[in-house]
Amino acid sequence: AQSVTQLGSHVSVSEGALVLLRCNYSSSVPPYLFWYVQYPNQGLQLLLKYTSAATLVKGINGFEAEFKKSETSFHLTKPSAHMSDAAEYFCAVSVYSSASKIIFGSGTRLSIRP
Amino acid sequence: DGGITQSPKYLFRKEGQNVTLSCEQNLNHDAMYWYRQDPGQGLRLIYYSQIVNDFQKGDIAEGYSVSREKKESFPLTVTSAQKNPTAFYLCASTPMSPTGGSNQPQHFGDGTRLSIL
């Protein structure tokens, strides 16, 4: 069975600092992995996706994530945080199957200090 | 622009009342999903549908019902049997491959917030 674990329900960084949001997955087959962002009272917006083409994936808003099979990780990073990055971030895993379901992590709330 | 429209944005339910949340998409996606989101928690799958006139229960289907009469529409009814309906409800969709699976990301609507009067 597939699962996703996000380490840290709340992360706080200073504006301009590195953002690192951690995600570990469990999957018996090569996974497809996603990072989504959610702003208050809105739906989820796709930041980036890993589908085995390249281990370093670049997304929108300056975010990127690196797939590390040996560590079963897919951590999200951004070199320099902006105030507008404050939001909830979800890591998710999908396994190609007839069910087409995605399993979401519990989310990490990112706060940015001025 | 293509997308998913959820309505209403805010909804209030009285005791013993059924309420229906609307979800419409013009992305021509085959699969549609309903999720429930509670504060500090991830998304939990309520129901999903991969084809018209067919749907499957997710992890927390009790107290909910759905229909899929048209490809574009996947309404969710929160019945009086759902004793704790206060939550943020999200609808999503994704395309399917000819073989029936999908590794594509899901597209989301802006959600409906349901509260109890």
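Residues numbered from 1 in each chain as written. Chains lettered and ligands numbered in written order. Predicted model: local features only at pLDDT ≥ 70, side-chain atom pairs only at ≥ 80, totals over all residues. Heavy atoms only, no water.

Visitor: Hey, could you run me through the pattern of salt bridges in this one?
Guide: Between side chains of opposite charge, a pair can form as their charged atoms come close. Under the defined criterion, the tally for this structure stands at five salt bridges over all chains. A salt bridge links D85 of chain A to K78 of chain A; the nearest nitrogen and oxygen atoms lie 2.9 Å apart. We note that D85 of chain A, like K78 of chain A, is buried. Residues D30 of chain B and K71 of chain B are paired through a salt bridge, measuring 3.5 Å at the closest nitrogen-oxygen approach. Within this pair, whereas D30 of chain B is found in the loop between β3 (19-25) and β4 (31-37), its partner K71 of chain B is found in the loop between β7 (64-66) and β8 (76-78), the two being separated by 41 residues in sequence. Looking at K71 of chain B, the relative accessible area reads 24%, which means it is partly exposed. Taken together, the shared-partner salt bridges connect R36, D38 and R44 of chain B into one network. (Salt bridge = Lys/Arg side-chain N within 4 Å of Asp/Glu carboxyl O. Buried < 20%, exposed > 50% of the residue type's maximum accessible area, 1.4 Å probe, protein only. Helix = DSSP H or I, 4+ residues; strand = E, 2+ residues; numbered from the N terminus.)

Visitor: Hey, could you run me through the interface of chain A and chain B in this one?
Guide: By a frequent convention, interface size equals the accessible area lost on bringing the separate parts together. Residue-level contacts link 23 residues of chain A with 28 residues of chain B. Counting the surface lost from both chain A and chain B, the interface buries some 1900 Å², and carbon and sulfur atoms represent 51% of this. Linking chain A with chain B are zero salt bridges, by the criterion used here. Linking chain A to chain B there are four residue pairs in polar contact (both at pLDDT 80 or more). Among the secondary structure elements, those contributing two or more residues to the side of chain A that touches chain B are β4 (32-38), β5 (44-50), β9 (87-94) and β10 (102-104) of chain A. (Contact = heavy atoms within 4.5 Å. Buried area = accessible area lost by both parts, 1.4 Å probe. Polar contact = N/O pair within 3.5 Å; in protein donor to acceptor, adjacent residues only side chain to side chain.)

Visitor: Help me understand the sheet that holds strand β7 (residues 64-68) of chain A in this model?
Guide: Strand pairing within a sheet occurs via backbone hydrogen bonds; the two strands may be parallel or antiparallel. Residue and element names in this part refer to chain A. Taken in spatial order, the five strands make up an open sheet running β1-β3-β8-β7-β6, and their pairing is antiparallel. A strand with exactly one partner marks an edge of an open sheet, and here the two such strands are β1 (3-7) and β6 (56-58). This sheet shows a mean twist of 20 degrees between the axes of neighbouring strands, independent of strand direction. (Pairing = 2+ DSSP bridges. Axes fitted to C-alpha atoms, helices over the stretch in contact; angles between N-to-C directions.)

Visitor: Honestly, the environment of K83 of chain B in this entry has me stumped. Any pointers?
Guide: Position of K83 of chain B among the secondary structure elements: in the loop between β8 and β9 (87-94). When the C-alpha atoms of K83 of chain B and T94 of chain B are compared, they prove to be 30 Å apart, with 11 residues separating the residues in sequence.

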